[in-house]
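# An overview of the molecular structure
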Amino acid sequence: MRPVGRRLLFLLVILLFPLALAAPVQAAPEPPPGVVVGQQDGRGAGAAPKVPVVGETRSGGHLVKTTTEAPERTEDGTGAMARATPRAGTAAAFNESYGDDQYLTAPTQWWTVNGWTIEQIYDYAQSQGARVSDIAHQPGTQLTFTATLVKNAGAFWVRSWGLYYGLTDQGVVDLANYTGTRPASVARYWTADGWRFAVALVDNTGDGARPWWWYYGDTSFVLAQQQATGARPVKLRPFDAGGGARWYDLLMTGWSSQQFWWWLGGSDAQINNLANQNGARLVDAGRNADGTFNAIMLRNTSGPGPGWWYGLGHDQLNLKTLRKGARLISAQGYVDNGQTLFVGVMTRETSGADQARAMVQNTMLHTAWLNGTSAIAELSDGTLGTFQAHYGDVSGMDVRVRVASVSKTFAAAELLRLAAAGQVSLGARVSQYLPGVTGGDQITLRNLLQHTSGLYNFTDDLPGFGTTMTQGFTNQQLLDIVNRHARLFTPGSRYSYSNSNYLVIGMIIERVTGRSYPDQMSRDLIGPFGLTGTSVPTDTAISSVRLRGYWWNPATSTRVETTGQNASRWAAGGQMVSTVPELNLFYKYLLAGYVTGASWLNEMKSNLVYTGEGSKWAGMGIFRTTLSCGKNVWWHDGRVPGYRTWSVHSENAQRSLSWAYSEGSANPVNFDDEFIDNVFCLL
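So, a few notes on the structure that sits alongside this text. Here the structure is a predicted model, which means the values were calculated and not measured. (Residues numbered from 1 in each chain as written. Predicted model: local features only at pLDDT ≥ 70, side-chain atom pairs only at ≥ 80, totals over all residues. Heavy atoms only, no water.)

Turning next to the nonpolar core. Ranked by size, the top nonpolar core spans 75 residues in total, and within it Val430, Leu449, Val504, Ile508 and Phe586 carry the most contacts. For this core, the element with the highest residue contribution is helix H8 (residues 407-420), accounting for 8 residues. When neighbours within four sequence positions are excluded, Val504 is seen to be in contact with Val430, Leu434, Val437, Leu448, Leu455 and Leu479. Grouped together as the second largest cluster of nonpolar side chains are 34 residues, Ile271, Leu274, Ala285 and Met297 included. (Core = buried A, V, L, I, M, F, W, Y, C linked by side-chain atoms within 4.5 Å. Buried < 20%, exposed > 50% of the residue type's maximum accessible area, 1.4 Å probe, protein only. Helix = DSSP H or I, 4+ residues; strand = E, 2+ residues; numbered from the N terminus. Contact = heavy atoms within 4.5 Å.)

This brings us to the packing of aromatic side chains. One pass over the structure, following the stated rule, counts 25 aromatic pairs. Note on Tyr216 and Phe239: the rings are 6.5 Å apart at their centroids and 75 degrees apart in plane angle, and the pair reads as edge-to-face. With Tyr216 in strand E9 (residues 212-217) and Phe239 in strand E10 (residues 232-240), the pair connects residues that are 23 residues apart, well separated along the chain. Owing to a relative accessible area of 23%, Tyr216 belongs among the partly exposed residues under this scheme. (Phe/Tyr/Trp six-rings, centres within 6.5 Å; stacked < 30°, edge-to-face > 60°.)

In this section: the sheet that holds strand E29 (residues 655-661). One open sheet accounts for 8 strands, arranged E19-E18-E29-E28-E27-E26-E25-E24; its pairing is antiparallel. The outermost strands of the open sheet, each flanked by one partner alone, are strand E19 (385-391) and strand E24 (609-610). As paired strands, strand E27 (residues 632-640) and strand E28 (residues 643-649) are joined by 7 bridges and run antiparallel to one another. When the sheet's bridge partners are listed, Trp635 is paired in E28 with Val648. Contacts between helix H7 (residues 352-371) and the sheet are confined to strand E18 (375-381), E19 and E29, with E19 contributing the most and set at about 20 degrees to the helix. (Pairing = 2+ DSSP bridges. Axes fitted to C-alpha atoms, helices over the stretch in contact; angles between N-to-C directions.)

On inspection of all chains with the given rule, the structure shows 24 salt bridges. The partner of Arg131 in a salt bridge is Asp101, and the shortest N-O contact between them spans 2.8 Å. Placement of the pair is Arg131 in strand E4 (residues 130-137) and Asp101 in the loop between strand E2 (62-66) and strand E3 (110-116), with a sequence separation of 30 residues. The pair formed by Arg131 and Asp101 is uniform in burial state, with each residue classed as buried. Between Asp203 and Arg159 there is a salt bridge, and its shortest N-O distance comes to 3.0 Å. Here Arg159 lies in the loop between strand E5 (145-151) and strand E6 (161-167) and Asp203 lies in strand E8 (residues 194-203), a separation of 44 residues in the sequence. What makes Asp203 buried here is its relative accessible area of 3%. If you follow the salt bridges from partner to partner, you end up with Asp134, Lys235, Arg237 and Asp284 in one network. (Salt bridge = Lys/Arg side-chain N within 4 Å of Asp/Glu carboxyl O.)

Coordinates in, geometry out; function isn't part of it.
Structure follows, in C-alpha cells:
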C-alpha cells in the first residue's frame, strides 16, 4: 500500500504537549489593523529593473541542486524585492496549482526533517525522488534547517527545482532569474557577514509561469506592498531586525483565483475565527516572539481540514500529521522557555479512502510502538469501505480482546430485550427482581442502566489485582462488597459511574430468565447475531488467538502479563471477550434497531443524564458525545488491567470505529480522543 508519509529521523518516545487548535464556529471579531482580506484579480505591474546574470561567486551562495540546465535568460529580469515577470505568452495557459503545494490536496508521498544541513536535505530528496516544498531555519543554529518535501511526481511534478543556501537577498533574485525559477520558500539566518538565505526554488516557465514578489520590512511596509501589488501572500516569516523590532519576509505570487486572507500578530482564537467565518484553511502559520501568530489562508474547497497546531516538538508534529492522514505543508520552529517547539500547518488529501486508511494504520502503529505492546482497529464506513490495522504481537483481525466495560452495552441491550418481551419493567424497583441489594426498594432498573442508583462501586474495594489476578469471584461475593458500603446518594438525584449497577443487572437477568448470565447472552445475543468470536467467560479462559494484555504493577514497578486474568471479578459489566470487527458488527445491529427494536432503541438513547464531563451524556449502556465539529457519536469504552477498548459510532452506525490495545507501562500513551475526532470530523 502507498504510504502517506515517511519518517526521516530516528524517533524518540516523547510526551505530548497540549495542542492549541480549536474549531470554533462563532463569527470572527472585526479585523484589527494589520489584517488584509482580499482576492487576487490578476492585475499587472510594471517591469522590474534589469539586473545582470550572476554566478555563485557574486551571489555569495552555494548551489546545491538544479535539476535542469539554466534556461536562456529573458530581458525582463528582476531586482531584489521586486516583481519577477514570467516568460512572455504564458498567461493564457497558466496552471495555478503548478509548483504551488498550498493549493494541492492530491494524495502524495511526503517527508519532513529537522536539524539537517542543506546538503543532507538535498541528498535525501534525491534519494526519494522528492523536492523541497518548504524550508525554515532552525532556531538557535546557524546552518541547520527544517524542511518539508513532496514526491516530485503526479500533481506535484515540476520540470525543475533548486535548493540553495548562503545567498544574499540579491543573490536569491539573481539565481531565480538565471535558472528560470521562482522561490517556493525562503529562510533567513544570521552570519558573521550579515543576513544570508536558503531558498527552495521551483520551475517558473511554460504554463506554470507566474509573477512573484519578495519583500521584507516592518508590518506597515509589508502590508503596503501587498496592497499595492494585489498579490497573494505565500510564505510569511518573522525575524528580529535588531533592537527587538519585528520584521517579516513576505513571499507573494500572482494570479490567484481563490480568495485569501492573512493576519499579522493575532491570537490563535482570532485566526481560527477568521478561518471559520470565511470557510478558509490555513496554508502557512508562524509564531512571533511575543506569543502571537501570523497566518495565511485560502478559501477551503476540499472539505474539513486537519488544521494548524503549535506547542509540539518536530517528531510530535510529524506523528500527529500522519495520524490525521494529512500532509504537512509548513513547519516553523520557535523557542519557548528554552525549548524548541513548532507551528505546523497540515492539509488533507482528497481521497477519503486513503485518508481513512492512514488514520487507522498510523494511530494503531503509534499506539503499539510508543507503549511497546499491541494494538488493533477497524473502521467500517458505508461509503469509504472497511479499513483494518494491527501491530505488535497480533496475528490477525480475529484476535480476542477483553473488552472490559464495553460489556455494559451488551448487558443493557439484553435487559431491554427482556423489557420488550414484558419480562421486566424499567420503572420497577430492583427489589422486585433481586432482593438483598442495599436500597433496592428505592432503585429502579432505569437507575441501574443510567448510573444514577447511588450504589457503591465494588471494584474500588476488590483485593489488589497484582496478587488476586487469577482468583475467581461469585456475583454474591461482589454484591456483598456493595452492601458493606452505604449508598452514595438518593437514587435518581445525580450520575455516578459504578460497575455495581451492571453487576446487579446481570444478576437480575439470571433471576428473570432462570439461566446463567453467560448462557442467556449466548442464547439471546451472541448466537443469533453471529458473534462467533464473542464470549462471556467466568474464569481465566481466553482463546489462544488473542491480544496479550500487559499491566504496570505499581506495587512492584514491573510489567506483568494479564492475558490470563479471571474475568469473573468484573461481572456482567466487564467480563466479555470479543473481537474488534464483532464490536462494530454488534453496534451496527444495535443502532439500526435490530437488537432491541426501534422503540426500545429510542428508549436507550433518550432521557440522557449529564455525566459532568464535557459533552458526555449517559444513555442506557451507551454514551453520547458531541465532537468539536458538532457531530454526535454513540460509544462505550472499557479498561481492565492490561486492556483498553473503545467502540464509537455515528448516529445510525453508518460509520463505526472500534479498537483495542494494551497499555503496559507506568505512563501509557494513547491517542483515543484524537482518533475519534479525526475519523468522525475529518473524513
